[in-house]
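Fold and contact review
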Amino acid sequence: MEVLFLLVALLHEPVSSTLYGSRVLTGEVGGSVTHQCFYSITSANRHDRKYWCKIVEKRACYTIVSTTGYVSKNYTGRVSLKDIPENGTFTVTMTGLKKDDTGTYRCGIGPTNRDLYVTLNLTVLAGRMLAGERGGSAQTAARLAGPVWGRTPEHQYQLFLSQNH
């Protein structure tokens, strides 16, 4: 009976969720970056708010874009967020980068910007970069948009890293 209880407990969905993503992103003034976040495919995560926010003065994280339809007025027309819940991923693309876009950001899930998140640093360089130095890419995100059922967020993230190095 104890073995059966343990087996049933192990087969249930984990209580805690995980979120993975790159910790560093680099772009150039006038260019664009795409960041991909990988999350556990749970019912809550599939339907919860996804967001991208910027940390200001090492305190609050101000929402830039979210799946509720909100877009900060300073980023209107140059940021998008696409959630692919069946794959457990969402991507954020920022275009028309400005030097002052450099900073610390979070991609996360939940009703507030203090729930499940990954923190990363975005650096926007003034000059041209060599090919291969750029952070994320829409092409990479598109390659990962295929079915990934049964993969953990960590596995998806490791796959992402192996395809980009």
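Look a little higher up for the structure.
First, a word on what this report is: a plain description of the structure on this page. What you see is a predicted model, and the numbers here were worked out from it, not measured in a lab. (Residues numbered from 1 in each chain as written. Predicted model: local features only at pLDDT ≥ 70, side-chain atom pairs only at ≥ 80, totals over all residues. Heavy atoms only, no water.)

**Looking at the layout of surface pockets**
What the second largest pocket holds in volume is close to 190 Å³. Taken together, K54, V56, Y62, T63, I64, S72, N74, Y75, R78, K98, D100 and D101 make up the full set of residues lining the second largest pocket. Considering every element that reaches the lining of the second largest pocket, the biggest residue donor is strand β5 (residues 61–66), with 3 residues. Looking at the lining of the second largest pocket, its residues break down into 4 nonpolar, 3 polar and 5 charged. (1 Å grid on protein atoms, 1.4 Å probe; cavity = no way out; pocket = protein on both sides within 12 Å on 5 of 7 lines; lining within 4 Å. Points joined across faces, edges and corners; volume = space filled by probe spheres on them. Helix = DSSP H or I, 4+ residues; strand = E, 2+ residues; numbered from the N terminus. Nonpolar A, V, L, I, M, F, W, Y, C, P; charged D, E, K, R; others polar.)

**Some remarks on the nonpolar core**
With 22 residues, the main nonpolar core has L19, W52, V79, F90, M94, Y105 and L122 as its most contacted residues. Of all elements in the fold, only β3 (33–39), β5, β6 (79–84), β7 (89–94), β8 (103–109) and β9 (116–125) reach the threshold of two or more residues within this core. With 4 residues, β9 is the single largest residue contributor to this core. Excluding anything up to four places from it in sequence, V79 contacts I64, V65, V71, V92, T93 and M94. (Core = buried A, V, L, I, M, F, W, Y, C linked by side-chain atoms within 4.5 Å. Buried < 20%, exposed > 50% of the residue type's maximum accessible area, 1.4 Å probe, protein only. Contact = heavy atoms within 4.5 Å.)

Keep in mind these numbers describe shape, not what the thing actually does.
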